[in-house]
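Letter by letter, the chains look like this.
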Amino acid sequence: MASKLLITIGIALAAVAIVTAWRGTQREGSAEASFPPEGQILDVDGISVHAVVMGEGPDVVLIHGSSGNTRDMTFALAPILAESYRVIVFDRPGLGYSESFNPDGETVVEQAEILQKAASELGAEKPVVAGQSYGGSVALAWAVTRPDNIAALVLIAPAAIPWETPLDAFNTMGATTIGNALGLPLVSAFVPDWFVSKALDQVFAPQVAPEGYAEHFGPGLTMRRASMYANAKQRANLLDEITELQPRYNEITVPTEIVHGTADTTVGLDWHSERLIEQIPGAELVELDGVGHMPQVVAAPEVAAAIDRAAARAGLR
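Chains are numbered independently. Their residues run from 1 in the order of the written sequence. Local features in this predicted model are restricted to residues of pLDDT 70 or higher, and side-chain atom pairs are both shown and tallied only at a pLDDT of 80 or more, whereas totals for entire chains, interfaces and linings draw on every residue. To get the side-chain values, take all heavy atoms of the structure and skip hydrogens and water.

Draft legend 1. Broad picture of helix α7 (residues 177-190). What counts as a helix is a DSSP run of H or I of at least four residues, what counts as a strand is a run of E of at least two, and both are numbered from the N terminus. One less than the number of residues in a helix, times 1.5 Å, gives the span that helix is expected to have. Taking 1.5 Å per residue as the helical rise, α7 with its 14 residues ought to reach 20 Å, and the 20 Å between its terminal C-alpha atoms agrees with that figure. Along its length, α7 shows its largest kink, about 35°, at Gly-183, and proline Pro-185 lies within four residues downstream of that point. A simple rule labels every residue: compare its accessible area, found with a 1.4 Å probe on the protein chains alone, to the largest value its type can have, and call it buried under 20%, exposed over 50%, or partly exposed in between. Here α7 has its buried residues at Gly-179, Gly-183, Leu-184, Pro-185, Val-187, Ser-188 and Ala-189. A residue's bend is simply the angle between two axes: one fitted to the seven residues ending at it, one to the seven starting at it.

Draft legend 2. Up close: the side chain of Asn-171. Structurally, the position occupied by Asn-171 is in helix α6 (residues 169-174). If near-sequence neighbours (up to four positions away) are discounted, Asn-171 is found in contact with Asn-231, Ala-232 and Arg-235. Residues count as neighbours in contact if any of their non-hydrogen atoms are within 4.5 Å of one another.

Draft legend 3. Structural view of the nonpolar core. Residues belong to a common nonpolar core when they are buried Ala, Val, Leu, Ile, Met, Phe, Trp, Tyr or Cys residues joined through side-chain atoms within 4.5 Å. Phe-90, Leu-140, Trp-142, Leu-153, Tyr-249 and Leu-276 are the most contacted members of the largest nonpolar core, which totals 42 residues. Those elements giving two or more residues to this core turn out to be β1 (40-44), β2 (47-54), β3 (59-63), β4 (86-90), α4 (108-121), α5 (134-145), β6 (152-156) and α11 (225-245). When residues of this core are assigned to their parent elements, the largest contribution, 8 residues, is made by α5. Setting aside its immediate chain neighbours within four residues, Leu-276 contacts Leu-140, Leu-155, Pro-158, Ala-160, Ile-161, Tyr-249 and Ile-258. Counting residues in each nonpolar core, the second largest holds 28 residues, with Met-73, Ala-78, Ala-152 and Ala-300 among its members.

Draft legend 4. Examining unusual backbone geometry more closely. Of note, the amide linkage connecting Ala-205 to Pro-206 takes the cis form, showing an omega dihedral of 5°. Mapping Pro-206 onto the fold places it in the loop between α8 (193-204) and α9 (213-217). The phi dihedral of Ser-67 is positive, around 65°, even though this residue is not glycine. Position of Ser-67 relative to the elements: it lies in the loop between β3 and α2 (70-74). Accessibility expressed as a relative area gives 26% for Ser-67, which makes it partly exposed. One non-glycine residue, Ala-157, lies in positive phi territory at about 45°. Relative to the assigned elements, Ala-157 resides in the loop between β6 and α6.

Draft legend 5. Structural view of the side chain of Glu-257. Within the fold, Glu-257 resides in strand β7 (residues 256-261). Setting aside residues up to four positions removed in sequence, Glu-257 forms contacts with Leu-153, Val-154, Leu-155, Glu-284, Ala-306, Arg-309, Ala-310 and Arg-313.

Draft legend 6. View of the packing of α7 against α11. Where α7 contacts α11, the axes come no closer than 9 Å and their chain directions differ by 125°. What the angle tells us is that α7 and α11 run oblique. In the packing of α7 onto α11, the handedness of the crossing is right-handed. Here α7 contributes Asn-180, Leu-184, Pro-185, Val-187 and Ser-188 to the contact with α11, which in turn contributes Arg-225, Met-228 and Tyr-229. Just so you know the grouping, Ala, Val, Leu, Ile, Met, Phe, Trp, Tyr, Cys and Pro go in nonpolar, Asp, Glu, Lys and Arg go in charged, and all remaining residues, Gly too, go in polar. Residues belonging to the contact of α7 with α11 are distributed by class as follows: 5 nonpolar, 2 polar and 1 charged. Angles shown run from 0 to 180 degrees and are taken between the N-to-C directions of axes, each axis being a line fitted to C-alpha atoms and, for helices, limited to the stretch in contact. Angular relationships are summarised with four words: roughly parallel below 35 degrees, roughly antiparallel beyond 145, roughly perpendicular across 65 to 115, and oblique for the angles in between. Rotating anticlockwise by less than a right angle from the far helix to the near helix defines a left-handed crossing, while the corresponding clockwise rotation defines a right-handed one.

Draft legend 7. Local environment of the sheet that holds β3. Here, any two strands with at least 2 DSSP bridges between them count as paired. Overall, mixed pairing links the 8 strands, which are arranged β1-β2-β4-β3-β5-β6-β7-β8 in an open sheet. Of all strands in the sheet, those with a lone pairing partner are β1 and β8 (284-288), marking the two edges. Averaged over neighbouring strand pairs, the angle between their axes works out to 25° when direction is ignored. For β6 and β7, the ladder comprises 4 bridges, and the chain directions are parallel. Residue pairing for β7: Ile-156 is matched across the bridge by Val-259. Contacts from α5 reach β3, β5 (128-132) and β6 within the one sheet, and its direction differs from that of β5 by about 150°. On the sheet, helix α14 (residues 300-313) packs against β3, β5, β6, β7 and β8 and is oriented at approximately 165° with respect to β7.

Draft legend 8. Fine view of α5. The end-to-end C-alpha separation of α5 is 17 Å, in line with the 16 Å expected for 12 residues at 1.5 Å each. Most of α5 sits out of view: 11 of its 12 residues are buried. Looking only at α5, the buried set comprises Tyr-134, Gly-135, Gly-136, Ser-137, Val-138, Ala-139, Leu-140, Ala-141, Trp-142, Ala-143 and Val-144. Contacts made by the buried residues of α5 are with β3, α4, β5, β6, α11 and α12 (273-276).

Draft legend 9. Local environment of a negative patch on the surface. Residues Asp-270, Glu-274, Glu-278 and Glu-287 make up a contiguous surface patch of negative charge. Looking at the element boundaries, Asp-270 is found in the loop between β7 and α12. Among the residues examined, Asp-270 registers a relative accessible area of 55% and is labelled exposed. Candidate patch residues must exceed 30% relative accessible area and have no salt bridge, after which like charges are joined if within 9 Å and Val, Leu, Ile, Met, Phe, Trp or Tyr side chains if within 5 Å. For the accessible areas, the method is Shrake-Rupley and the probe is 1.4 Å, while residue cover comes only from the protein chains on display. The working definition used for a salt bridge is a side-chain nitrogen of Lys or Arg within 4 Å of a carboxyl oxygen of Asp or Glu. When charges are tallied, Lys and Arg are placed among the positive residues and Asp and Glu among the negative ones, while His and the ends of the chain are skipped. We put the charge of a Lys on NZ, of an Arg on CZ, of an Asp on CG and of a Glu on CD.

Below is the structure:
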């Protein structure tokens, strides 16, 4: 009797695994068909990096945040900048259509290196580098470790100062081998679209995702198993990486502008940017009243103005 029960349970689990894998593959294929690469795929030291290039003028590199892709920047900010600059928007490694190359999670220093090399391949030897949230951490790593390849630095709600809050439960689970094998496939296969839309609004709080953002951004790209795993590993490692990087912020000598919303509860203004400005010589901080964690979308003109100021201070305008 016990053996029959075990066989039945085994068959049921196998069926669930098959359905999960099939449905996950179908949903991921649908997401990629609906939201294909916006730009070109570069080969950088044998690693695929997705880059979107638009406009003409001084070079500006845009780096998206956690769980993002190029479409987060091309929704509002990049088109504004493209009127005056050559804008290069990258997918970070493991996200969008850029390849993951470190199974333990690409460090911010590794990401800065591969993206700087990709920018150089496109002819941008000393761009203005702007990053949001986790992308701000990568931009900081770029400025610290590749100072000869940056003209100015713009940080948008950057995760910059070592924090005390624990990693959220989802990414804690997702960063584990078991979570990757069992949890993430279930999320990819069965989490409904309405839940993803609700999660987007939480990221934008106290604002909501603007009309057309989800249709442009392609949340399904984020929900792919490999993307969620890469993102979770990167998030799990970030605190230690920032702790190691922070003592070198005073080495940053390029013009630096920081833009941060006063209502940001994801990366707090007072904990991060108000402390960061004291650690980068000559840095300037713009506080956006009532704005949450997504200024590059909901306050794109103000962010573009900060990039203008940084470019002007660097002698590019």
